[in-house]
Amino acid sequence: MDFQRLLLEVGKALSKGEESALAFLCTDLLGRNPNTVESASDLFSRLGDQDHLSAERPHLLTELLLIIQRTKLIRDLKLSDGASTTRSLISPYRKLLYNLSEEITDDDLKDVKFLLNKCLPRKTLEENVPTLNVFLAMEHKDLISDNNLTLLENIISTVCPVLKDKISEFKAQQVTHNSPVAQESGRPRSKSFPIAPNQALESLGPERCASCGPSGEFQSLAESNEYTSNTSMDLPNVFPGGDECEALTLGLSGLNTETSRCASFKVKIDPVETSQEKKASSEPQTSQTTNTNIEGLEEYPMNAAKRGICLIVNNHNFTNSMHYLKNREGTILDEECLQKVFTWLGFEVEIKRDCKREEMLSALQELGSRSHSQMDCLVCCVLSHGREGCVYGVDGLIVKIEELKEPFNGLKCASLAEKPKLFFIQACQGTSEQKAVNICADGPACSPACSPVCSDASKAIDSIPSDADFLLAMSTLPSFVSFRDKTKGTWFIQSLCQNLVRLVPSSCDLVSILTKVNADVSQMTDSTGQKKQMPQPAFSLRKKVVFPIPEAAPPRLPHNNLLPV
């Protein structure tokens, strides 16, 4: 049977619940929220795009069906049983959570949601929300991970003690597989919702948990739900589960179900060492890690009322320019993709089109004069023609790169001090004439006969910002060109948008995302196979920029095949 037809048959045979289960099991492979998977066919397509599933590599399909116990379907479709001899692509952690979800009854789930009612969003605790979605929400809140199961273990011990053995078995296996030899040859750890060391402790601050009093004593879920009792307990310190649920990780294992529903108890919270810190001090370091954290390197806070403003300056129509500058065909696609992606990331997007020099400066100065005290950061995207160290207004007058940044430095915009200011520049700034092989430049010199591919060269003088907390992402190295396809947009902006969508759900920091953009764009070329491009970010960031994982589904972007065939 044709493999695509086989996948179609499998998809037809699965229920909605089974489709959701498969998507959950593949969370780490997808690198995104599995709730965005629309169907089994959508899941299989995404796995195929990432080279995890194909006619030559069908074993993942068999493994998934074995996990959800669809063995008859495997036999009926004569699927290969090679999964038993092939390295598993599904993490033991995902299998554990799935197996727990299968064993937890509806009544058990109600108790679990009750115990989490101060830790998770209200919509997650609604009656129709399945167990796997509750687990996903706990991961989003950093309440559980593959090396932090304290909260889950305490809840399971309270609600359904018989399932605690499953967690104990998993933890015993982790001890074995985390040895140096196993780490080098085994599967990487789950990385869908990574947590940095001390993240939970540092994020608490003086206000601590919603269920804690000012002294740091836990007032209990029972008190917050108007239950009363005289029960009081002293319980051992364990790793806090997250910034809203610190107290809940303490002491649930010492309570039975009835007590957890109606008893009032107090736990005094002392400074504790995180489980990851203990692991780091007791185990040798290995070369294979995920989301490596440099000691002392913090993240910029992303917990303000608003994420921030994203200003897009898109100059397309240069008909009235004092210089011979052609219209920038294809730039509208870049604008649309940037708008979708930064809106998804929580930014308030503002667009200025076809700006003269003074209009560009006025828009930037007006934005810098606003109060950004309730915002996390600022993004500015400039899409235009240019020359060395400058970008053009549609009137042909130049704006220096430094003039773009000046309204937002610490002296001019105090409300953005110590906050990241992120600039993405796609503009031709090369001064040397480009080769006339179906290529034209986004600059003063442009061959009249052009193919769909045009260049957007970028060269920045003093591109390392002199002020702190700036990032300036240029589309190419100094002195070299960058390219714009008239129908598909620029290589740099399209790669930037696609990699933000792919990697933000994995909590990847922005500099690492731009490194992936470098890797992708470096592989792109024109129809001749001779034109190449290498982007270059420059920054004075003091911390990592990690955008919070959006709750909304990621935007659908055009699948532009700009790579050589």
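Structural data are supplied above this passage.
Residues numbered from 1 in each chain as written. Predicted model: local features only at pLDDT ≥ 70, side-chain atom pairs only at ≥ 80, totals over all residues. Heavy atoms only, no water.

**Some points on the overall build of the chain**
From N to C terminus, the chain includes 21 helices and 13 strands. Relative to all contacts within the chain whose residues are 6 or more apart in sequence, the contacts with residues 24 or more apart total 75%. (Helix = DSSP H or I, 4+ residues; strand = E, 2+ residues; numbered from the N terminus. Contact = heavy atoms within 4.5 Å.)

**Structural notes on the sheet that holds strand β7 (residues 421-427)**
One open sheet holds the six strands; their spatial order is β2-β1-β3-β7-β10-β13, and the pairing between them is mixed. What marks the edges here is a single partner per strand, and that holds for β2 (348-353) and β13 (536-539). The sheet shows a mean angle of 15° between the axes of neighbouring strands, direction not considered. Where strand β10 (residues 470-474) meets β13, four bridges bridge the pair, whose relative direction is antiparallel. Paired with A473 across the bridge in β13 is P537. (Pairing = 2+ DSSP bridges. Axes fitted to C-alpha atoms, helices over the stretch in contact; angles between N-to-C directions.)

**What about the pairing of strand β3 (residues 375-384)?**
Looking down a regular strand, the side chains alternate between one sheet face and the other. Counting buried positions along β3 gives 10 out of 10 residues, so the element sits mostly inside the fold. In terms of strand pairing, strand β1 (residues 306-314) meets β3 through eight bridges, oriented parallel. By the bridge assignment for β3, I312 is matched with C381. As paired strands, β3 and β7 are joined by seven bridges and run parallel to one another. Bridge pairing in β7 links V382 to I425. (Buried < 20%, exposed > 50% of the residue type's maximum accessible area, 1.4 Å probe, protein only.)

**Describing helix α2 (residues 16-25)**
Buried residues dominate α2, accounting for seven of its 10 residues. Within α2 the residues assigned to the buried category are E18, E19, A21, L22, A23, F24 and L25. The inward-facing, buried residues of α2 abut α1 (3-13), α3 (27-30), α4 (40-49), α5 (59-67), α7 (92-103) and α9 (131-140).

**Brief notes about the pattern of salt bridges**
The tally for this structure, following the rule as stated, stands at 23 salt bridges. Where E153 meets K171, a salt bridge forms, and the shortest distance between an N and an O atom there is 2.9 Å. With E153 in helix α10 (residues 150-159) and K171 in helix α11 (residues 164-177), this residue pair connects regions lying 18 residues apart in the sequence. A salt bridge links R370 to E366, with the nearest nitrogen and oxygen atoms 3.0 Å apart. Relative accessible area serves as the criterion here: at 27%, R370 is assigned to the partly exposed category. A single network of salt bridges, built from pairs that share partners, joins D28, R94 and E139. (Salt bridge = Lys/Arg side-chain N within 4 Å of Asp/Glu carboxyl O.)

**Remarks on the nonpolar core**
One finds V10, L61, L65, L116, M138 and L152 to be the most contacted residues of the largest nonpolar core, which totals 63 residues. Per element, the largest residue contribution to this core is six residues, and it comes from α9. For L65, the residues in contact, after removing those within four places along its chain, are V10, L14, R70, L73, I74 and L79. M302, V341, F347 and L510 belong to the second largest nonpolar core, which has 39 residues in total. (Core = buried A, V, L, I, M, F, W, Y, C linked by side-chain atoms within 4.5 Å.)

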